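Structure at a glance
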Amino acid sequence: MADEVDLILAAWARELPDVDVTPLGSLSRISRLAKHLDRARRDAFAAHELEVWEFDVLAALRRQGRPYVLSPGELIRATLSTSGTMTNRVNRLEARGLVIRQPNHDDRRGVLVKLTDEGRDRVQQALADLLAYERKVLAAIEPEEREELAVLLRRLLAPFERA
């Protein structure tokens, strides 16, 4: 079963026969798959009136467990964003009633961000739709292959995450 990457590899092999383009075979497929998955995520989240970044922040809070509270710094680490970006995001989510700010009793200068019931419900519904889609995507490979794929991708991702 050939795909677009096979066509790209064949064209490079024809044009640059002395260049080893085999890394493109795996990494171009990962890149192209990521683009398709990003589109699907946007669609799943849009059905719940959420942007991708909104889902990321709300999901970080929801994963925390009750009482669904994190500091802005913890949210920055969880979502790979910056301080200024997170302030803007929390402002926008708070305006929509999806999170609230509350005082941080351990640090009088700081605040904590808490998921509201509306935020919790919305992120859970969006997650359910996303997981249904992702299960369909992964149905193309056997369960054992899914685990193997996760292990291999973890090995590729780990150096980036540590940096």
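Above: the structure in question.
How each quantity is defined
- Residues numbered from 1 in each chain as written.
- Predicted model: local features only at pLDDT ≥ 70, side-chain atom pairs only at ≥ 80, totals over all residues.
- Heavy atoms only, no water.
- Helix = DSSP H or I, 4+ residues; strand = E, 2+ residues; numbered from the N terminus.
- Buried < 20%, exposed > 50% of the residue type's maximum accessible area, 1.4 Å probe, protein only.
- Pairing = 2+ DSSP bridges.
- Axes fitted to C-alpha atoms, helices over the stretch in contact; angles between N-to-C directions.
- Parallel < 35°, antiparallel > 145°, perpendicular 65-115°, else oblique.
- Contact = heavy atoms within 4.5 Å.
- Nonpolar A, V, L, I, M, F, W, Y, C, P; charged D, E, K, R; others polar.
- Patch = residues over 30% accessible without salt bridge, like charges linked within 9 Å, V, L, I, M, F, W, Y side chains within 5 Å.
- Areas by Shrake-Rupley, 256 points an atom, 1.4 Å probe, with all protein chains shown as cover.
- Salt bridge = Lys/Arg side-chain N within 4 Å of Asp/Glu carboxyl O.
- 1 Å grid on protein atoms, 1.4 Å probe; cavity = no way out; pocket = protein on both sides within 12 Å on 5 of 7 lines; lining within 4 Å.
- Points joined across faces, edges and corners; volume = space filled by probe spheres on them.
- Lys, Arg positive; Asp, Glu negative; His and termini not counted.
- Charge placed at Lys NZ, Arg CZ, Asp CG, Glu CD.
- Polar contact = N/O pair within 3.5 Å; in protein donor to acceptor, adjacent residues only side chain to side chain.

**Some words on unusual backbone geometry**
With omega at 10°, the peptide bond leading from Arg-66 into Pro-67 counts as cis. With respect to the helices and strands, the residue Pro-67 is situated in the loop between helix H3 (52–63) and strand E1 (69–70). The phi dihedral of Leu-80 falls on the positive side, at around 55°, and the residue is not glycine. Its place among the elements puts Leu-80 in the loop between helix H4 (72–79) and helix H5 (83–95). Given a relative accessible area of 71%, Leu-80 falls into the exposed group.

**Overview of the pairing of strand E3 (residues 111–115)**
A regular strand places its side chains so that they alternate between the two faces of the sheet. Pairing of E1 with E3, which is carried by 2 bridges, proceeds in the antiparallel orientation. Paired with Val-69 across the bridge in E3 is Lys-114. Sheet topology note: the strand E2 (residues 99–103)/E3 ladder contains 5 bridges and is antiparallel. Across the sheet, residue Ile-100 finds its bridge partner in E3, namely Lys-114.

**So, the packing of H3 against helix H6 (residues 117–138)**
In contact at an axis separation of 9 Å, H3 and H6 are set at 105° when each is read in the N-to-C sense. The angle between H3 and H6 places the two elements in the roughly perpendicular class. Residue-level inspection shows Phe-55, Leu-58, Ala-59 and Arg-62 of H3 in contact with H6, the latter providing Gly-119, Arg-120, Val-123, Gln-124, Ala-126 and Leu-127. In the contact of H3 with H6, the residues fall into 6 nonpolar, 2 polar and 2 charged.

**Concerning a nonpolar patch on the surface**
Residues Leu-27, Ile-30, Leu-33, Tyr-133, Val-137, Leu-138, Leu-149, Leu-153 and Leu-156 make up a contiguous nonpolar surface patch of roughly 710 Å² in combined accessible area. When contributions to the nonpolar patch are tallied by element, the ones reaching two or more residues are helix H2 (22–46), H6 and helix H7 (143–162). Along the chain, Leu-156 falls in helix H7.

**Regarding the side chain of Ser-28**
Within the secondary structure, Ser-28 is located in helix H2. Sequence-distant contacts of Ser-28, that is, excluding residues within four places in its chain, are made with Val-5 and Pro-23.

**Quick word on the layout of surface pockets**
Left-over empty space is what a probe sized like a water molecule reveals as it rolls over the atoms. Roughly 1,600 Å³ of volume is contained in the largest pocket. Secondary-structure elements contributing two or more residues to the lining of the largest pocket are helix H1 (4–15), H2, H3, H6 and H7. Looking at side-chain class alone, the lining of the largest pocket contains 21 nonpolar, 2 polar and 12 charged residues. The calculated volume of the second largest pocket comes to roughly 360 Å³. Taken together, the elements giving at least two residues each to the lining of the second largest pocket come down to H3, H4 and H6. Its residues assigned to classes, the lining of the second largest pocket shows 8 nonpolar, 2 polar and 6 charged.

**Let's talk about a negative patch on the surface**
Where like charges cluster on the molecular surface, the negative patch consists of Glu-142, Glu-144, Glu-145 and Glu-148. Considering the arrangement of structural elements, one finds Glu-145 in helix H7. For Glu-145, a relative accessible area of 39% puts it in the partly exposed group.

**Some details on the side chain of Thr-116**
The topology assignment puts Thr-116 in the loop between E3 and H6. On the basis of relative accessible area, Thr-116 is assigned to the buried category, the value being 15%. Here Gly-97 takes part through its backbone oxygen, which lies 2.7 Å from a polar atom of the side chain of Thr-116. Residues contacting Thr-116, with those up to four places away along its chain left out, are Gly-97, Leu-98, Val-99 and Ile-100.

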